[in-house]
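# Overview (structure and organization)
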There are 2 protein chains.
Amino acid sequence: MTTAARANGSRDLPHPALEEIRLESVLHALSDPMRLQVVRELAADGDELSCSHFDLPVTKSTTTHHFRVLRESGVIRQVYRGTAKMNGLRRDDLDDLFPGLLDSVLAAAARQADRLGG
Amino acid sequence: MTTAARANGSRDLPHPALEEIRLESVLHALSDPMRLQVVRELAADGDELSCSHFDLPVTKSTTTHHFRVLRESGVIRQVYRGTAKMNGLRRDDLDDLFPGLLDSVLAAAARQADRLGG
DNA sequence: CCCGTACTACGATGCCTATCGTACGAGACG
DNA sequence: CGTCTCGTACGATAGGCATCGTAGTACGGG
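First, a word on what this report is: a plain description of the structure on this page. (Residues numbered from 1 in each chain as written. Chains lettered and ligands numbered in written order. Predicted model: local features only at pLDDT ≥ 70, side-chain atom pairs only at ≥ 80, totals over all residues. Heavy atoms only, no water.)

## So, the sheet that holds strand β2 (residues 76-81) of chain B
Residues and elements named next belong to chain B. Spatially, the 3 strands line up as an open sheet ordered β1-β3-β2, and their pairing is antiparallel. Strand pairing shows two members of the sheet lacking a second neighbour, β1 (49-50) and β2, which therefore form its edges. Pairing geometry for β2 and strand β3 (residues 84-89), over 6 bridges, is antiparallel. Across the sheet, Gln78 pairs through a bridge with Asn87, a residue of β3. Here helix α3 (residues 33-45) sits on the sheet in contact with β1, β2 and β3, set at roughly 80° to β3. Contacts from helix α4 (residues 60-73) reach β2 and β3, with the element oriented near 120° to β2. (Pairing = 2+ DSSP bridges. Helix = DSSP H or I, 4+ residues; strand = E, 2+ residues; numbered from the N terminus. Contact = heavy atoms within 4.5 Å. Axes fitted to C-alpha atoms, helices over the stretch in contact; angles between N-to-C directions.)

## Description of the relation of the copies chain A and chain B
One copy of the chain maps onto the second through a rotation around an axis plus a translation along that axis. If you rotate chain A by 180° and push it 0.0 Å along the axis, it lands on chain B with an RMSD of 0.0 Å. Each copy turns onto its partner about a two-fold axis. (Least-squares fit on C-alpha atoms with pLDDT ≥ 70 in both.)

## Some details on the pattern of salt bridges
On inspection of all chains with the given rule, the structure shows 10 salt bridges over all chains. Among the salt bridges present, the one from B:Arg77 reaches B:Asp92, with a minimum N-O distance of 3.1 Å. Of this pair, B:Arg77 sits in strand β2 while B:Asp92 sits in helix α5 (residues 91-97), and the two are 15 residues apart along the sequence. Given the relative accessible area of 48%, B:Asp92 is considered partly exposed. Put simply, B:Asp103 and B:Arg91 hold a salt bridge, and the shortest N to O gap is 3.0 Å. Taken together, the residues span a long stretch of sequence, with B:Asp103 in helix α6 (residues 101-117) and B:Arg91 in helix α5 at a distance of 12 residues. The class of B:Asp103 is partly exposed, set by a relative accessible area of 40%. The network of salt bridges with shared partners includes A:Arg77, A:Arg90, A:Asp92 and A:Asp93. (Salt bridge = Lys/Arg side-chain N within 4 Å of Asp/Glu carboxyl O. Buried < 20%, exposed > 50% of the residue type's maximum accessible area, 1.4 Å probe, protein only.)

## Looking at the pairing of β3(B)
Remember that side chains alternate between the two faces of the sheet whenever the strand is regular. Residues and elements named next belong to chain B. Summarising burial for β3: 5 of the 6 residues are buried, a large majority. Alignment of β1 against β3, held across 2 bridges, turns out to be antiparallel. Counted as the bridge partner of Leu49 is Asn87 from β3. In textbook terms, the turn of a hairpin is the stretch between consecutive antiparallel strands, and for β2 and β3 this stretch comprises 2 residues, one of which, Gly82, has a positive phi near 70°.

Next up, the structure:
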């Protein structure tokens, strides 16, 4: 066990390795409005954000579920920091696997938000 | 009723208008392996292909279902031509709504197929 | 050590969906 | 007309999933 792992009480979270990330899973993860919103905010911020930072119109249970889907599909990276769980986009890995995909989706989401939201 | 509509026995199929196409629905449609495969073949061919051209490892009922999901999400255009039902990518509409998105997904799919398929 | 905050785990529920089989409709062709 | 092919419609089924509520765990601070 690494020092880092011991430092957060061994509460490491399972992430798919780079080679395990599947395009279909990524697209499915991004096809949910809640999750797409989360990803957009993460991309806009550029840094790590805690789960509680997001004010989604669902319960915390459901929020936990969505973050898990995003993590298990390889879209985000999650790590505990104290009681908080920090979330960051796996932009480097995604860009490596699927160049331009994330940016296209983000641009498409922004466009649609502009078009629909006013 | 137009002449064209009468010519094919009024078997016109409902398609979403450009403004009705939703990014989430498009991503969801593309997140299924069967449907992604269909879209890849359509993009590779560049022209219209009949449903029966595709040799999917599912029954015809299921194939019909997948084509309907693709059509109703706005990814493909379907039109009857005799007994055959021709399918074509709505590349113009998608590129207009979400520039670069389709190409990114297709490139990502090709990359993954290369990586996994050998 | 106790408490509050942050997040999880688990079970329930209702909806969506991928799949199939069978029966049917529409056009082409002899 | 009869028949063949192509694709649809409908019902069934099984699994997935978004959602909730409640109860519980982990960590930090007084």
